[in-house]
Amino acid sequence: MELSNFISKLDFDEFDYFYHETERGNGERIMEEGLLVNGTNILDTDNILFTTALPLTKDLVSDKKNFENFLNTEKSDSSFRKVSEMVILGAPKYFNEQLVVKYDDYHDGEYYEGIVNPNFILGYIDLSDKKFHVNENYEYSDELLFDDDFHR
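The rules behind these values
- In every chain, residue numbers begin from 1 and rise along the written sequence.
- Confidence filtering applies because this is a predicted model: local features only for residues at pLDDT of at least 70, side-chain atom pairs given and counted only at 80 or more, and all residues used for totals across whole chains, interfaces and linings.
- Computation of side-chain values: all heavy atoms of the structure, hydrogens and water removed.
- In short, DSSP must find at least two bridges between two strands for them to pair.
- Helix and strand definitions here come from DSSP, where helices need a minimum of 4 consecutive H or I residues and strands a minimum of 2 consecutive E residues; each element is numbered from the N-terminal end.
- The axes are straight lines fitted to the C-alpha atoms, using for helices just the contacting stretch, and the angles between their N-to-C directions are given from 0 to 180°.
- Only rings of Phe, Tyr and Trp enter the pairing, Trp through its six-membered ring, and a pair is recorded when the two centres are within 6.5 Å. The plane angle decides the type: under 30 degrees is stacked, over 60 is edge-to-face, the rest tilted.
- Any two residues whose heavy atoms approach within 4.5 Å are treated as being in contact.

Peer 1: Would you mind showing me how to read the sheet that holds strand 8 (residues 110–116) here?
Peer 2: Reading across from one edge, 2-8-7 is the order of the three strands in this open sheet, with antiparallel pairing throughout. Looking at the sheet topology across the chains shown, the edges are occupied by strand 2 (35–37) and strand 7 (100–107). Neighbour-to-neighbour, the strand axes of the sheet open up by a mean angle of 40°, direction not taken into account. Direction of pairing for strand 7 relative to strand 8: antiparallel, over a ladder of six bridges.

Encoded structure:
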């Protein structure tokens, strides 16, 4: 889906959105398995979600050109950090940004405190071609009025 079509579907009056940056190929996996969250990697965080995701605000996406510039600055292929996909999460405002549920388990040898389940993952943006890839199992797609254009 084209980036402008994706942006036009967002409803900031009713929903909160977040983004998580990751390496190529992880977007699909996160849509299927969920986003594992480690609450110990950022100090003084009052919401465990913010240890792995940041708010996607209306101001950030209000101008397509500025949003594309932001996406370009977030893309990275250094030895320190590889970012080529941006996973988008979303839930109704009544969740009060509390999308993480208890996980308390190890995955690939690392301990994770929580998980954002796949039904709260809208999809991901490929930072190379700026295309949005939808998670067809996103729980609130009907409320967002996603039409046939939204699907792959």
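Next comes the rest of the account.
Peer 1: Quick question: what am I supposed to make of the packing of aromatic side chains here?
Peer 2: The description of two aromatic rings rests on the distance between their centres and on the angle between their planes. Counted according to the given criterion, the structure contains 11 aromatic pairs. Each member of the aromatic cluster is reached from another via a ring pair, and the members are Phe12, Phe15, Tyr17, Tyr94, Phe95, Phe120, Tyr138 and Tyr140.

Peer 1: Could you clarify how one ought to interpret the sheet that holds strand 10 (residues 131–134) in this entry?
Peer 2: Adjacent strands of a sheet form backbone hydrogen bonds with each other and so pair up, either parallel or antiparallel. Spatially, five strands are ordered 3-1-6-9-10 in an open sheet, and the strand pairing comes out antiparallel. What marks the edges here is a single partner per strand, and that holds for strand 3 (54–55) and strand 10. Against the sheet, helix 2 (residues 26–33) contacts strand 1 (15–22), strand 6 (85–92), strand 9 (121–126) and strand 10, and its axis sits at roughly 175° relative to strand 9. Strand contacts of helix 4 (residues 64–74): strand 1, strand 6 and strand 9, with the helix running at about 125° to strand 6, the strand carrying the most contacts.

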